[in-house]
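Fold and contact review
So you can see what is in the structure, the chains are spelled out below.
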Amino acid sequence: MSAPHAGISQPLAEPVEWSVLGQDHFPGDTLGNARYLTNWRTNFDQVLLIDPSPPVLLPRGLKPAVTTPFAILYEIEPAS
């Protein structure tokens, strides 16, 4: 993996729980397991939620772009 993308990748780990994205700050152990969470709203354009269980609580700054029975693609709204 190239160095420019090392900080936003997590090749050998499970994705974070959906509810974690609703937090504004993350404890060190969470960031140790998911380093891509640091500044995730500015480092990424979209978030994919696979196999959502209703009801889906929407973290602030996300808006649904594409919804299917098995996944929802969210756009990350730019910070104002």
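The structure under discussion appears in the preceding block.
Residues numbered from 1 in each chain as written. Predicted model: local features only at pLDDT ≥ 70, side-chain atom pairs only at ≥ 80, totals over all residues. Heavy atoms only, no water.

Things to note about the nonpolar core
Of all hydrophobic cores here, the largest spans 14 residues; its most connected members are Trp18, Leu21, Leu37, Trp40, Val47, Leu62 and Tyr74. Among the elements of the structure, β1 (46-50) and β3 (71-76) are those that each provide at least two residues to this core. Top element by residues in this core is β3. It accounts for three residues. Leaving out residues up to four positions away in the same chain, Leu37 has contacts with Val16, Val20, Leu21, Phe26, Thr30 and Leu31. (Core = buried A, V, L, I, M, F, W, Y, C linked by side-chain atoms within 4.5 Å. Buried < 20%, exposed > 50% of the residue type's maximum accessible area, 1.4 Å probe, protein only. Helix = DSSP H or I, 4+ residues; strand = E, 2+ residues; numbered from the N terminus. Contact = heavy atoms within 4.5 Å.)

What to know about the sheet that holds β1
Paired through backbone hydrogen bonds, the strands of a sheet run either parallel or antiparallel to each other. Pairing in this open sheet of three strands is antiparallel, and the strands run β1-β3-β2 from one edge to the other. Edge positions in the open sheet fall to β1 and β2 (62-67), since each of these has one partner strand only. Looking at each pair of strands side by side, their axes are set apart by 30° on average, direction ignored. Across five bridges, β2 lies against β3 in antiparallel orientation. Paired with Val66 across the two strands is Leu73, which belongs to β3. (Pairing = 2+ DSSP bridges. Axes fitted to C-alpha atoms, helices over the stretch in contact; angles between N-to-C directions.)

A closer look at the pairing of β3
Across five bridges, the pairing between β1 and β3 is antiparallel. From the neighbouring strand, Leu48 faces β3, where its bridge partner is Leu73. The antiparallel hairpin formed by β2 and β3 contains three residues in its connecting segment.

So, the layout of surface pockets
Computed from the structure, the largest pocket encloses a volume of approximately 510 Å³. Forming the walls of the largest pocket are 16 residues, and the residues nearest its centre are Pro15, Val16, Tyr36, Val47 and Leu48. The element best represented in the lining of the largest pocket is β1, accounting for five residues. Taken together, the residues of the lining of the largest pocket break down into twelve nonpolar, two polar and two charged. Surrounding the second largest pocket, Gln23, Asp24, Phe26, Leu31, Leu37, Thr38, Asn39, Trp40, Arg41, Thr42 and Arg60 form its lining. Its residues placed into classes, the lining of the second largest pocket shows four nonpolar, four polar and three charged. (1 Å grid on protein atoms, 1.4 Å probe; cavity = no way out; pocket = protein on both sides within 12 Å on 5 of 7 lines; lining within 4 Å. Points joined across faces, edges and corners; volume = space filled by probe spheres on them. Nonpolar A, V, L, I, M, F, W, Y, C, P; charged D, E, K, R; others polar.)

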